[in-house]
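Residue-level listing of the chains:
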Amino acid sequence: MPYRQNPRPTTRGASAPGRRGRRAGVRATLLTGSVATLLTVGLVGPASAAGTPHARVTTAVLDLDHPARSAQVRGNDLPYDTASIVKVDILSALLVQAQDAGRGLTQQERTLAEAMIEHSDNDAATALWREIGLAPGLEAVNKRLGLSSTVGGAGGTWGLTRTTATDQVRLLSAVFADGGTSAASGSALTKTSQSYIRTLMTRIAAGQSWGVSAASDSGAGWALKNGWLQRSTTGLWDINSVGRVTSGTHHYLVAVLSDGNATMPGGIAAVESAARTAVSSARAAG
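Heads up: these notes are all about the structure in this document. (Residues numbered from 1 in each chain as written. Predicted model: local features only at pLDDT ≥ 70, side-chain atom pairs only at ≥ 80, totals over all residues. Heavy atoms only, no water.)

**Some remarks on the packing of helix H3 (residues 107–118) against helix H7 (residues 191–201)**
Axis separation between H3 and H7 bottoms out at 9 Å; the angle between their running directions is 45°. Considered as vectors, H3 and H7 are oriented oblique to each other. Read as a crossing pair, H3 and H7 show a hand that is right-handed. Taken together, the residues of H7 that come into contact with H3 (itself represented by Arg-110, Ala-113, Glu-114, Ile-117 and Glu-118) are Tyr-196, Leu-200 and Met-201. By residue class, the composition of the contact of H3 with H7 is five nonpolar, no polar and three charged. (Axes fitted to C-alpha atoms, helices over the stretch in contact; angles between N-to-C directions. Helix = DSSP H or I, 4+ residues; strand = E, 2+ residues; numbered from the N terminus. Parallel < 35°, antiparallel > 145°, perpendicular 65-115°, else oblique. Left-handed = near helix turned anticlockwise from the far one by under 90°. Contact = heavy atoms within 4.5 Å. Nonpolar A, V, L, I, M, F, W, Y, C, P; charged D, E, K, R; others polar.)

Structure, rendered in structure tokens:
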């Protein structure tokens, strides 16, 4: 692959998120709390490893070495809150808009983008969300990226953007499929833009390197972005993880979305278990 592999395997237990991750999670809750009081999370599906009968998990996996195949979906492919996984989408929109203007990112934009992806900085995300034109700007670019079921959050509440697991795999395909803007890849992102997003997704802060990375072979490269948000209406957690992992000789694009988790650690454990199961199933399919 034309991007830097992440040399760090996931070494932290799923039930112990890092200090930086906990601080970022608190910031995410504060960011969306004012609107979250007006909204409810869809609580459907059977009990899961998250420890609450309201929890649900959906996974989508695409074998990047066989991109013509359809993504394998487990669970109901219904919309979930994105929380911070939308930051990959925000950066993609920023880059497509910059491409359209015939320019590269400014140094300030790069500083914000790197903080937003590598450290899940919410202030940086808010600044770039405004720059891309809020939800309308995101949705306009998403049409070009092939996303059909993602609706941007109202006003400044980017974390309440709604998406599906299959739409997240479509976004990952736009980032990780070889070819840039060629007809073969179908991506509105150039090779340079793709490489930039990929690189940042391999530099995730150590305390936030949980999630789909659990499905990657030990020592193998991965690239990801996680999202976590406690809903003020229920006290339950949205826990999401999207990215690219290596298992065996293949690379897989993986999206795991969940909500209704009783705790953040329990949600992380459920997401990691679902990621391992989904990748194992895709690998068995050949």
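**Comments concerning the sheet that holds strand E6 (residues 237–247)**
In spatial order, the strands read E2-E1-E7-E6-E5; together these five strands make up an open sheet with antiparallel pairing. Bordering the open sheet on either side are strand E2 (72–74) and strand E5 (222–230), each of which pairs with just one other strand. Looking at each pair of strands side by side, their axes are set apart by 10° on average, direction ignored. (Pairing = 2+ DSSP bridges.)

**Things to note about helix H6 (residues 165–176)**
Over its 12 residues, H6 extends 16 Å from the first C-alpha to the last, a length consistent with the 16 Å expected when each residue adds 1.5 Å. Among the 12 residues that make up H6, 11 are buried, leaving the element largely enclosed by the rest of the structure. Listed as buried for H6 are Ala-165, Thr-166, Asp-167, Gln-168, Val-169, Leu-171, Leu-172, Ser-173, Ala-174, Val-175 and Phe-176. (Expected span 1.5 Å × (residues − 1). Buried < 20%, exposed > 50% of the residue type's maximum accessible area, 1.4 Å probe, protein only.)

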